[in-house]
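Structural features, examined
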Amino acid sequence: MPELPPFVRDAVERSREALSRSEAEVPKHIRELYAEFNRCCDDWDWLESPRGRWVDYQLSWFEKHRGGW
């Protein structure tokens, strides 16, 4: 199997960092993540930060799976 290009390896590593979180970062209600995203979505640095990517991942997952909620 060929080795992945460096930019792909870097992106994978960043996505792993974005998903690592502590209990303190997980809000009790999804609306708190929506509020954080809405406050920060104009800040490109935040969107590309591990926290921004993690919040985006959580909201994307929620939107995809909320059909029965």
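To keep things clear, this report deals only with the structure shown in the data block. Please read all numbers here as calculations on a predicted model, not as lab measurements. (Residues numbered from 1 in each chain as written. Predicted model: local features only at pLDDT ≥ 70, side-chain atom pairs only at ≥ 80, totals over all residues. Heavy atoms only, no water.)

Some thoughts on the packing of aromatic side chains
As a reminder, the rule being used: Only centres within 6.5 Å qualify two rings of Phe, Tyr or Trp (six-membered ring in Trp) as a pair; their planes then separate them into stacked at under 30 degrees, edge-to-face at over 60, and tilted for everything else. Secondary structure elements are taken from DSSP: a helix is a run of H or I of four residues or more, a strand is a run of E of two residues or more, and numbering for both begins at the N terminus.
Under the definition given, this model contains two aromatic pairs. Ring geometry for Tyr34 against Phe62: centres 6.3 Å apart, planes inclined by 75°, an arrangement best described as edge-to-face. Placement of Tyr34 in helix α2 (residues 30–40) and of Phe62 in helix α4 (residues 50–65) is noted, with a sequence separation of 28 residues between them. Between Phe37 and Trp46 the ring centres are 6.1 Å apart and the planes differ by 65°, which places this aromatic pair in the edge-to-face class.

Overview of a negative patch on the surface
Threshold: Patch definition: residues with relative accessible area over 30% and no salt bridge; like charges joined within 9 Å; nonpolar side chains (Val, Leu, Ile, Met, Phe, Trp, Tyr) joined within 5 Å. Areas reported here follow the Shrake-Rupley algorithm with a probe of radius 1.4 Å; residue values treat only the protein chains shown as occluding. We define a salt bridge as a side-chain nitrogen of Lys or Arg found within 4 Å of a carboxyl oxygen belonging to Asp or Glu. As used throughout, the charge tally considers Lys and Arg to be positive and Asp and Glu to be negative, leaving His and the chain termini uncounted. Note on charges: their place is set at NZ of Lys, CZ of Arg, CG of Asp or CD of Glu. We call a residue buried when its accessible area falls under 20% of the maximum for its residue type, exposed when it is over 50%, and partly exposed in between, using a 1.4 Å probe and counting protein chains only.
A grouping of Asp42, Asp43, Asp45 and Glu48 is seen on the molecular surface, where their side chains present a negatively charged patch. Within the secondary structure, Asp43 sits in the loop between α2 and α3 (44–48). Here Asp43 falls in the partly exposed class, since its relative accessible area comes to 37%.

Some remarks on the pattern of salt bridges
This model, assessed by the stated rule, comprises one salt bridge. Note that Arg51 and Glu36 form a salt bridge whose closest N and O atoms lie 2.8 Å from each other. Of this pair, Arg51 sits in helix α4 while Glu36 sits in helix α2, and the two are 15 residues apart along the sequence. Judged by relative accessible area, Arg51 falls into the partly exposed class, the value being 22%.

Section: the packing of α2 against α4
As a reminder of what qualifies: Angles shown run from 0 to 180 degrees and are taken between the N-to-C directions of axes, each axis being a line fitted to C-alpha atoms and, for helices, limited to the stretch in contact. Just so you know how the angles are binned, under 35 degrees is roughly parallel, over 145 roughly antiparallel, 65 to 115 roughly perpendicular, and the rest oblique. Crossing handedness follows the turn of the near helix against the far one: under a right angle anticlockwise gives a left-handed crossing, and clockwise gives a right-handed one. Note on contacts: a residue pair is in contact if any heavy atoms of the two residues lie within 4.5 Å. Under the grouping applied here, Gly and all other residues not named as nonpolar or charged are polar, the nonpolar ones being Ala, Val, Leu, Ile, Met, Phe, Trp, Tyr, Cys and Pro and the charged ones Asp, Glu, Lys and Arg.
For the pair α2 and α4, interaxial distance at closest approach is 10 Å and the crossing angle is 130°. Regarding the angle of α2 to α4, the classification is oblique. Where α2 crosses over α4, the handedness of that crossing is left-handed. Of the residues in α4, those in contact with Ile30, Leu33, Tyr34, Glu36 and Phe37 of α2 are Arg51, Trp54, Val55, Gln58, Leu59, Phe62 and Glu63. Its residues assigned to classes, the contact of α2 with α4 comprises eight nonpolar, one polar and three charged.

As for the state of the cysteines
To keep things clear, this is the line we draw: In plain terms, two cysteine sulfur atoms within 2.5 Å form what is called a disulfide here.
For the coordinates displayed, the defined rule picks out zero disulfides. This cysteine, Cys40, is not joined by any disulfide, and Cys41 carries the nearest cysteine sulfur, 8.0 Å off. For Cys41, a relative accessible area of 27% gives the class partly exposed.

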